[in-house]
Amino acid sequence: MCLILFAKDVHPDYPLILAANRDEFYARPTARLDWWKDHPEVLAGRDLKAGGTWMGLSRSGRFSALTNFRDPSNIKEDAPSRGDLVSDFLKGHQSPAEYLAEVETNMKAFNGFNLLVGDQHELWWVSNEADQGKQQLSPGIYGLSNAILDTPWPKVLRGKAALAEIVGQSGKISPEPLFSMLKDPTIAPDSDLPQTGVPLEWERKLSAMYIAYPDSGYGTRVSTVCWVDRSGNWFVEERAYVPAGEPKSFRLEVSAQLDS
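Here the residue numbering is sequential within each chain, running from 1 through the sequence in written order. Two thresholds apply to this predicted model, a pLDDT of at least 70 for residue-level local features and 80 or more for giving and counting side-chain atom pairs, whereas whole-chain, interface and lining totals are computed over all residues. Calculated side-chain values reflect all of the structure's heavy atoms, with hydrogen atoms and water omitted.

K.L.:
Tell me what's going on with the packing of helix α1 (residues 83–91) against helix α2 (residues 96–104), and back it up with residues and numbers.
P.N.:
Helix packing for two helices is described by the angle between their axes and how far apart those axes are. At their nearest, the axes of α1 and α2 sit 11 Å apart, and the two run at 145 degrees to each other. Our pair here, α1 against α2, has a crossing hand that is right-handed. Residue-level inspection shows Asp84, Leu85, Asp88 and Phe89 of α1 in contact with α2, the latter providing Pro96, Tyr99 and Val103. Only Asp, Glu, Lys and Arg are considered charged, only Ala, Val, Leu, Ile, Met, Phe, Trp, Tyr, Cys and Pro nonpolar, and every remaining residue, Gly among them, polar. Here the contact of α1 with α2 is composed, by residue class, of five nonpolar, no polar and two charged. Angular values range over 0 to 180 degrees, each being the angle between N-to-C directions of two axes fitted as lines to C-alpha atoms, with helices fitted over their stretch in contact. Numbering goes from the N terminus for both helices and strands, where a helix is a DSSP run of H or I of at least four residues and a strand is a run of E of at least two. Handedness of each helix crossing follows the sense of rotation of the near helix against the far helix: counterclockwise by less than a right angle gives left-handed, clockwise gives right-handed. Residue contacts are counted whenever heavy atoms from the two residues lie within 4.5 Å of one another.

Below you can see the structure in the form of structure tokens.
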């Protein structure tokens, strides 16, 4: 993913509410959100080039998601796939803290990443670009793009404010306001842009929450929203976009054991 907005223990009925966009080259082969045939306990999209995923759930209610850290000057061509960090957690049985302790022993081998792991009870974050180690997240509204958690990039600040407004409304959560939030194409003023090592033209393009540049072959490939209630019941919906931006809908309701 390239933008993950989430509310941890803010809504009275939903311990976790999350909305995310995956930005990627249109030509990179990808499978849609579904149960994996070779690992039936995993519900996720799949990067068909490297075999991992950017976000998913397991039948036991485990959750994980990942963003890349943008630093084009520090790319290791022989690094292992960051998508395995997500899928390995979903396939495993370790607690979030145990899993991240293991990840920390070898995380410098990977290109820069942010990793979220957890379930309806707890949520943890780690980055191999941060000075601190793994952290269990306290209640709050968070934003994660291609920098450290809650780095105040324009899209992160705008998204967190929008999510706080949605979550602050009482009653049942609906996917439509979350998807509408993720489709925001606003480009930030040059004065607010970060300097991450990409050309200014691309800093502008990447500053939007929703990205669509067919001529450049890059943009928001999928939007995903999910939440879990106090009983451990998950709701997940993914919408995929072709280069022209036409949506496709995929909807799946799962139980605490994700038996659907």
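Next comes the rest of the description.
K.L.:
So what about the environment of Trp35? Which residues, and what values?
P.N.:
Relative to the assigned elements, Trp35 resides in strand β3 (residues 30–35). The class of Trp35 is buried, set by a relative accessible area of 18%. Distance in space between the C-alpha atoms of Trp35 and Gly217 is 28 Å, their sequence separation being 182 residues. Only protein chains enter the accessibility calculation, which uses a 1.4 Å probe. A residue is then buried if its area is under 20% of the maximum for its type, exposed if over 50%, and partly exposed in between.

K.L.:
Could you give an account of the side chain of Ser145, naming the residues involved and the relevant values?
P.N.:
Looking at where Ser145 falls in the secondary structure, it is placed in the loop between β10 (140–144) and α3 (154–168). Contacts of Ser145, omitting those with residues within four sequence positions, involve Cys2, Leu3, Thr67, Asn68, Asn114, Trp153, Lys155 and Val156.

K.L.:
Break down the pattern of salt bridges for me, with residues and values.
P.N.:
Opposite charge on two side chains allows them to pair when their charged atoms are near. Here, a salt bridge means any Lys or Arg side-chain nitrogen found within 4 Å of an Asp or Glu carboxyl oxygen. In the structure shown here, the tally under the stated rule is 15 salt bridges. Linking Asp150 and Lys160 is a salt bridge whose minimum nitrogen-to-oxygen distance equals 3.1 Å. In this pair, Asp150 sits in the loop between β10 and α3 while Lys160 sits in helix α3, placing the two residues ten residues apart along the sequence. In this structure Asp150 comes out as partly exposed when scored by relative accessible area, which is 29%. With its nearest N and O atoms 2.7 Å apart, the salt bridge here joins Asp190 to Arg204. Highlighted residues: Asp190 in the loop between α4 (175–182) and α5 (200–206) and Arg204 in helix α5, separated in sequence by 14 residues. A relative accessible area of 41% means that Asp190 is categorised as partly exposed.

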